[in-house]
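What follows is the residue order along each chain.
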Amino acid sequence: MRLVKILRQLKIPRWSTIVSCVFYVIFMLMVLCVTFPLKSSSQNKLSETNADELKKSEWSHTDDLTKDLKAKDGAIKRPILGDTVIISNSMNGNKLLTKTFYRADLNKDLTLTVQELARFINGRVRDHVDMAIKANPTNFAAIDVSPRDGLVTWDEYHAFFLKSRGLNDEYIKNHDEKKHIPLDRKTKEEMMRDKALWSEAARTDSFSLTLDEFLTFRHPESSVSNLLTLVDDLLRQFDEDGDDNLTLDEFSQVSADDLDDKWRKYIITKTMYERQEEFKRLIDTDHNGKANRSELLSYVDPRHPRHALTEAASLFNLADENNDQRLDLDEVLSHADSFIRSKVISTYENFHDEF
């Protein structure tokens, strides 16, 4: 009691008041540190963002199929910005296909059905698209550095491209754009391809890309805006009454007048009955006799199971030598090149060839 009287006479605040004040001071210091980081720390973070960091972030999502394979004599390489693994050595290719075969064999009967292969391909496609979307902001930020303004210019991307090919800052700053003497022919062709893809993706400004346009540039199969363009093309070709919907008759009764159009070329390869069944089972999901834009968007999405089933059926037609509707490991390995070039392994290259 005597101690309490002494403390009251000294007018020392209560412990609850002191603790509250301490927590408030700590909170304000944390806010200030987050809002105004040290200048040197911020600069260091920016300087560390380069081609090696981007490559590391992109390949942190690498599939289990390839992460344990060791490159021998340049047999396996990992190109920049999410390109899939390229196999040029038959031993490594067979090892990869063998592991793929056992992963796709869900019931462990040492054979693959077309459904098992299609399910595996669809899983690969979904992983590829999801990883591309997830990594896009990181990749974009790593290239958008001079200045960091929310846009990637061609000069910024081109500098990153050259640096990822092992060229130093001095060359990148002073090189002759028309010659590029240190680059081999294949790299020059890749650069020209990128210029063409850039022109298609740059919708708002031909000299720079927004975040979504950058996704269209690097992964057109993953970009919603690009898929919406495909829906527009589909409606333009087949929506005869202009009501922004496709009916069963509009989709199935197709003439061969314009085989230059990719949609007509694809659909005309099927019989009318097959086109009707495809519309009923895969497009008109609410079964009201019409396909709206939402249903068409799902239909053109590369993650739709129909794409994987079509590719699996093509591989079966090629490799099922005894026509037993199953593939064993020997049949897969005897057609190794075809499987490696397919979406079973080379998902990235297939997408960029298609789009």
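Residues numbered from 1 in each chain as written. Predicted model: local features only at pLDDT ≥ 70, side-chain atom pairs only at ≥ 80, totals over all residues. Heavy atoms only, no water.

1. Concerning the overall build of the chain
Okay, step 1: Across its full length, the chain carries 20 helices and six strands.
Okay, step 2: Counting over 355 residues, the chain shows a buried share of 40%.
Okay, step 3: Excluding contacts between residues fewer than 6 apart, the proportion of contacts in the chain whose partners are at least 24 apart in sequence is 58%.
Okay, step 4: If you sum the accessible surface of the chain, you get close to 21,300 Å²; carbon and sulfur atoms cover 56% of it. (Helix = DSSP H or I, 4+ residues; strand = E, 2+ residues; numbered from the N terminus. Buried < 20%, exposed > 50% of the residue type's maximum accessible area, 1.4 Å probe, protein only. Contact = heavy atoms within 4.5 Å. Areas by Shrake-Rupley, 256 points an atom, 1.4 Å probe, with all protein chains shown as cover.)

2. Observations regarding the packing of aromatic side chains
The relative placement of two aromatic rings is captured by the distance of their centres and the angle of their planes.
Okay, step 1: This model, assessed by the stated rule, comprises 13 aromatic pairs.
Okay, step 2: Linked through ring pairs, Phe140, Trp154, Tyr157, Phe160, Phe161, Trp198, Phe214 and Phe217 together constitute an aromatic cluster.
Okay, step 3: One cation-aromatic arrangement involves Arg306 over Tyr299; the distance from NZ or CZ to the ring centre is 3.7 Å. (Phe/Tyr/Trp six-rings, centres within 6.5 Å; stacked < 30°, edge-to-face > 60°. Lys NZ or Arg CZ within 6 Å of the ring centre and 35° of its normal.)

3. Observations regarding helix 10 (residues 185-201)
Okay, step 1: The terminal C-alpha atoms of helix 10 lie 24 Å apart, and with 17 residues this matches the ideal 24 Å at 1.5 Å per residue to within 8%.
Okay, step 2: By the burial criterion, the buried members of helix 10 are Thr187, Met191, Asp194, Trp198 and Ala201. Projected down its long axis, helix 10 shows its buried positions confined to an angular sector of 85°, all on one face. Turned more than 90 degrees away from the buried face of helix 10 sit Arg185, Met192, Ser199 and Glu200, all of them exposed.
Okay, step 3: Looking at the buried residues of helix 10, the elements they touch are strand 3 (152-153), helix 8 (154-164), strand 4 (208-209) and helix 11 (211-218). (Expected span 1.5 Å × (residues − 1). Arc of directions from axis to C-beta.)

4. Here's the deal with helix 12 (residues 224-238)
Okay, step 1: End to end, helix 12 covers 21 Å across 15 residues, agreeing with the expected 21 Å (1.5 Å per residue, within 8%).
Okay, step 2: Those residues of helix 12 that fall on the buried side of the exposure criterion are Asn226, Leu227, Leu230, Val231, Leu234, Leu235, Gln237 and Phe238.

5. Observations concerning the pattern of salt bridges
Okay, step 1: What the rule picks out here adds up to 13 salt bridges.
Okay, step 2: The salt bridge involving Asp194 is made with Arg218; its shortest N-O contact spans 3.7 Å. Of the two residues, Asp194 is situated in helix 10 and Arg218 in helix 11; the sequence distance between them amounts to 24 residues. Each member of the pair Asp194 and Arg218 is classed as buried.
Okay, step 3: Salt-bridge contacts for Asp233 lead to Arg236; the nearest nitrogen and oxygen are separated by 3.4 Å. With Asp233 and Arg236 both in helix 12 and three residues apart, this pair spans about one turn of that helix.
Okay, step 4: A residue is classified by how much of its surface remains accessible, and Asp233, at 21% relative accessible area, is partly exposed. (Salt bridge = Lys/Arg side-chain N within 4 Å of Asp/Glu carboxyl O.)

6. Quick word on the nonpolar core
Okay, step 1: Grouped together as the largest cluster of nonpolar side chains are 25 residues, with contacts concentrated most on Leu97, Leu117, Ile121, Leu327, Phe339 and Val344.
Okay, step 2: Contributions of two or more residues to this core are made by helix 6 (90-104), helix 7 (114-143), helix 17 (305-319), helix 18 (329-334) and helix 19 (336-341).
Okay, step 3: Sort the elements by how many residues they give to this core and helix 7 lands first, with six residues.
Okay, step 4: The next biggest cluster of nonpolar side chains, apart from the first, holds 19 residues, and it includes Tyr157, Ile172, Leu183 and Ala201. (Core = buried A, V, L, I, M, F, W, Y, C linked by side-chain atoms within 4.5 Å.)

7. Observations regarding the environment of Phe120
Okay, step 1: Along the chain, Phe120 turns up in helix 7.
Okay, step 2: A relative accessible area of 12% means that Phe120 is categorised as buried.
Okay, step 3: The spatial distance from the C-alpha of Phe120 to the C-alpha of Lys343 is 9.6 Å, given a sequence separation of 223 residues.

8. Quick word on the side chain of Ser342
Okay, step 1: Among the secondary structure elements, Ser342 is positioned in the loop between helix 19 and helix 20 (347-354).
Okay, step 2: Taking relative accessible area as the criterion, Ser342 reaches 5% and is therefore assigned buried.

9. Observations concerning unusual backbone geometry
Okay, step 1: Across the junction of Ser146 and Pro147, the peptide omega takes the value -5°, indicating a cis bond.
Okay, step 2: As for its placement among the helices and strands, Pro147 is situated in the loop between helix 7 and strand 3.
Okay, step 3: With phi around 55°, His287 is a residue other than glycine that occupies positive phi space.
Okay, step 4: With respect to the helices and strands, the residue His287 is situated in the loop between helix 15 (272-283) and strand 6 (290-291).
Okay, step 5: For His287, a relative accessible area of 61% gives the class exposed.
Okay, step 6: For Gln325, which is not glycine, the phi dihedral falls at a positive 65°.

In short, shape yes, function no, at least from these values alone.
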